[in-house]
Amino acid sequence: MAIPALEILRKQMREKFPQAHGVRADAAPPVAQGKPFRAEAFPLGAISEVVPAGPVAGITLMIAGLLGDPEEASPHPEMVLVDGSDAFDPGSFTGTACSKMLWVRCRSVMEMIKSADLLVHDGNMSLILLDSCGLPRRDLNGLPAAVWWRLKQAVERNGGRLVVLATSPLVPCASLRLSLSAGLSLHDFDCPRDELLGRLQATPEKLRYAT
Amino acid sequence: MFAVLHIPDFPIGAILRKSPLLWDQPCAILAGKTTQAPQDRLPLLSINSAARDTGIHVGWPLNRALVRCPDLRVLPRDPAEEMALRDELICLGESLTADVENTSEDTVVLDLSCRSKPVAAALDRLSLSGVEIWHAQALTPDLAHLAARHSATRGRSIHPADLAPLPISLLGLLQGKASALALLDLWGLRSLGDFMKLPRQALIERLGPEVGKWHDLLHGKTSRLLHLHRPPESFSQSFDFEDAVVSLDPVIFALKRMLHTLAGRLASRHLAASALDFRLVLVSGAELARRVRLPEPQTAVEGMLAPLQSLLESLRLAAPVAALQLDAETTFATAAQREWFGRHLPQPERWAETLAKLEAMLGPGRVGVPVPPATFEPDAFSLHPGAGAAVIVNWPLVHPEGPVPLHRFRPAREISVAYETRSNQPWPLALLNGPHSGEIIARRGPFPASGKWWDPVGTWQRLEWDIQLASHHLLRLVFQPPDRWQLEGIYP
């Protein structure tokens, strides 16, 4: 009998003091249709996952879209890229775009998860990209599901956005899973980046384990 | 009132004052590098009085000077002695007033506005062993500077009219165009008095505003602010442990004590720490140095200790710690209201701690803001610290290599490639092994690139292709002569 009362009390406290519980007014996951090039496309206080729909899906293009092409350099990093396989190429971006990002260069799955855990608990960065592309599939599958659940709870508590970039579905507790497709070929390398970004399509997938 | 102290023939004076035996011999220093062997055509930079008595002058080429003075001894410059002499000159100036400008290596300007009594006698008494000191006083620093450089006006308190007989070449000491000085010489002006008689407005119209400033300066109409010399402050501290330390607690204890001292010294100077440098000296003689950037200027011990403690906790040392050294880079404490529309970190203290933990876990050079390369050299980038907004980065104006960002393999993967030769260049046909083997169905390239051709060790040369395989994967393929093929990355 005490449990429902406690739940009701918790709910009332959460509604009365949302900031203290890491709950924001727009915490409901928006349906990210089309272009995921803004941080707001991903739900707040949750883990999102982006997986490619084909061999050339344009995952790095999506990072370029998130960074944008600002005219002035940012005094502080605005997002973090936890680069699991140390594969980010600064030469593919402008200096002002790079100034918006903190690059964490990892060499293994464990380093990637530990770095993400530190950054999520820190709470200073509202958008954290976790790039697991390029890491051995066996190592990624060896991660216990509890790792992702703990990360999810930490993200919920701090109210940030954690976006996992993976070659195949990886996170059991993702609130949003986007399937990315661009269908690029070598002929597209002569087109400007903005045009290619326009072709990038993100389709939400049905989540069997979503919470 | 301003006074100027000047040491004539400064470079040669700095050397000869330690060698009294050479005082009576003609000696000279050549313009050029210190280690360079004397060359006949190099001009004379500085000569002593014995050499000047033989009739040679500064600026003459060495071969001409040797014709006039065969006994001339050419000495190499000694930067250490010159620095020591300059420091002594500054100390001499500071014995009269606290406001001293180090105008050039051989000249200091003293602001005497705080002195109530005349200082002429005190200036006459100033001396340094082995060198002569010229001085002069005037109402503006530049007038005093010009007066102190010439024998006709040195040792006096001068007015603008007293400068009239001096040669016009003295204007070369002031900031401005050298071409204007050459033109004045071409006009037949020989003394400063000739120049001062010219109408100011006409001079500006013909020679520009800088010459007008010279005119104002010589008439004593303008005065400038001095760039006061302030000795650099050091916040360095060191702590030697009586017994070598093998655990973390004594190190933290000593560090906290040093931070308390540092905080007190910072507070007394109204400063704050922007970065902390600490160095652990091990019993084995090895040293471990780390630099922790603070996201916001800190004066509190707790704010400085937390990132240091996080870093220390993650260290695994090969030997016990024998000593600890701490230094701080300072800045002004943040006293202004934060920018209303600008973005700031919610918890900057925690951010510095997190970055320190990340660096401790991943190692140095693994966390930071990437700065793209301003070169075509492959994978040449640098990392800027993610904390500490006070550091300004000159972001290079580079354009991305292509519209699709590369997912780079580090290191690049060595592969075998089937190819044929076309126009004396390899032409890839298929990837024979590696993670993405198969036939190449389309390619862009080759894009030749090379660099550092002047460096026999660092020179590089390569051909790049963007290729598409039958499996539709897009990759970047690189050929390095003579026969090395690499997969540099994939376009995922």
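Above this text you will find the structure in question.
To start, this report covers the structure provided alongside it.

Parameters at a glance
- Residues numbered from 1 in each chain as written.
- Chains lettered and ligands numbered in written order.
- Predicted model: local features only at pLDDT ≥ 70, side-chain atom pairs only at ≥ 80, totals over all residues.
- Helix = DSSP H or I, 4+ residues; strand = E, 2+ residues; numbered from the N terminus.
- Buried ≥ 20, exposed ≤ 12 C-beta atoms within 10 Å, placed from the backbone.
- Contact = placed C-beta atoms within 7 Å.
- Pairing = 2+ DSSP bridges.
- Axes fitted to C-alpha atoms, helices over the stretch in contact; angles between N-to-C directions.
- Core = buried A, V, L, I, M, F, W, Y, C linked by C-beta atoms within 7 Å.
- Domains from an automatic or database assignment.
- Nonpolar A, V, L, I, M, F, W, Y, C, P; charged D, E, K, R; others polar.
- Parallel < 35°, antiparallel > 145°, perpendicular 65-115°, else oblique.
- Left-handed = near helix turned anticlockwise from the far one by under 90°.

1. Things to note about the overall build of chain A
- Secondary structure summary: chain A contains seven helices and seven strands in total.
- The linear arrangement of helices and strands in chain A, starting from the amino end, is α-β-α-β-α-β-α-β-α-α-β-β-α-β.
- Residues classed as buried in chain A amount to 45% of the 211 residues present.
- Once local pairs closer than 6 in sequence are excluded, the contacts in chain A between residues at least 24 apart make up 75%.

2. Quick notes on the overall build of chain B
- Scanning chain B for helices and strands turns up 13 helices and 20 strands.
- Residue pairs at least 24 apart in sequence account for 57% of intrachain contacts in chain B once pairs closer than 6 positions are excluded.

3. Concerning the sheet that holds strand E14 (residues 407-415) of chain B
Residues and elements named next belong to chain B.
- Reading across the sheet, the seven strands line up as E14-E20-E19-E18-E17-E16-E15 and stay open at both edges, with antiparallel pairing between neighbours. Strands with a single pairing partner mark the edges of an open sheet, and in this sheet they are E14 and strand E15 (417-422). Between one strand and the next, the sheet's axes are offset by a mean angle of 30 degrees, whatever the strand orientation.
- Pairing analysis gives two bridges linking strand E16 (residues 425-431) to strand E17 (residues 438-451), with the strands arranged antiparallel. Within E17, the residue paired with Ala430 across the bridge is Glu439.

4. Focus: the nonpolar core
- In terms of nonpolar packing, the biggest core is built from 110 residues, with Val82(A), Ile128(A), Leu129(A) and Leu130(A) touching the most fellow members.
- Taken together, domain 3 (237-358) and domain 4 (407-490) of chain B each give at least three residues to this core, which thus spans both.
- Counting 49 residues, the second largest nonpolar core, distinct from the first, contains Phe2(B), Leu123(B), Val211(B) and Trp214(B).

5. Things to note about the interface of chain B and chain A
- If you look at the interface, chain B gives 47 residues, while chain A gives 49 residues.
- Looking at the side of chain B that touches chain A, the elements with two or more residues in it are helix H13 (348-362), strand E12 (367-371), E14, E17 and strand E18 (460-469) of chain B.
- A per-element tally of the side of chain B that touches chain A places H13(B) first, with seven residues.
- Tallied by class, the residues present in the side of chain B that touches chain A amount to 27 nonpolar, eleven polar and nine charged.
- By the bridge criterion, two bridges tie strand E3 (residues 101-105) of chain A to E12(B) in an arrangement that is antiparallel. Residue pairing in the sheet places Val104(A) in a bridge with Val367(B) of E12(B).

6. Details of the packing of helix H11 (residues 248-268) of chain B against helix H12 (residues 301-313) of chain B
Residue and element names in this part refer to chain B.
- The contact between H11 and H12 brings their axes to 10 Å, and the two run at 150 degrees. Between H11 and H12, the crossing angle belongs to the class labelled roughly antiparallel. Once H11 is placed against H12, the crossing between them reads as right-handed. Note on element contacts: H12 touches H11 through Val301, Met304, Leu305, Leu308, Gln309, Leu312 and Glu313, opposite Leu248, Val251, Ile252, Leu255, Lys256, Leu259, His260 and Ala263.
- In terms of residue class, the contact of H11 with H12 is made up of eleven nonpolar, two polar and two charged.

7. A closer look at the environment of Arg443(B)
Residue and element names in this part refer to chain B.
- Following the sequence through the fold, Arg443 ends up in strand E17.
- Taking C-alpha positions, Arg443 is 9.3 Å from Leu474, a pair spaced 31 residues apart along the chain.
- When residues no more than four places from it in sequence are discounted, the contact partners of Arg443 are Pro428, Trp465, Asp466 and Ile467.

8. A short note on the sheet that holds strand E2 (residues 27-30) of chain B
All names here are of chain B.
- Pairing within the open sheet is mixed, and its three strands lie in the order E3-E2-E4. What marks the edges here is a single partner per strand, and that holds for strand E3 (44-47) and strand E4 (73-75). Pairwise comparison of adjacent strand axes, ignoring direction, gives a mean angle of 35 degrees for this sheet.
- Pairing analysis gives three bridges linking E2 to E4, with the strands arranged parallel. Counted as the bridge partner of Ala28 is Val74 from E4.

9. A word on the pairing of strand E5 (residues 161-165) of chain A
Residues and elements named next belong to chain A.
- Of all the five residues making up E5, five are buried; the element is thus mostly covered by neighbouring parts of the structure.
- Here strand E1 (residues 46-52) runs beside E5; their pairing, made up of five bridges, is parallel. When the bridges of E5 are listed, Ile47 appears paired with Leu162.
- Bridge count for strand E4 (residues 127-131) against E5 is five bridges, and the pairing is parallel. Bridge pairing in E5 places Leu130 opposite Val164.

10. Side note on unusual backbone geometry
Residue and element names in this part refer to chain B.
- Across the junction of Arg410 and Pro411, the peptide omega takes the value -5 degrees, indicating a cis bond.
- Along the chain, Pro411 turns up in strand E14.
- Put simply, Pro481 and Pro482 share a cis peptide bond, and its omega is 10 degrees.
- One can find Pro482 in the loop between strand E19 (474-480) and strand E20 (484-490).
- Non-glycine residue Ser423 carries a positive phi angle of around 55 degrees.

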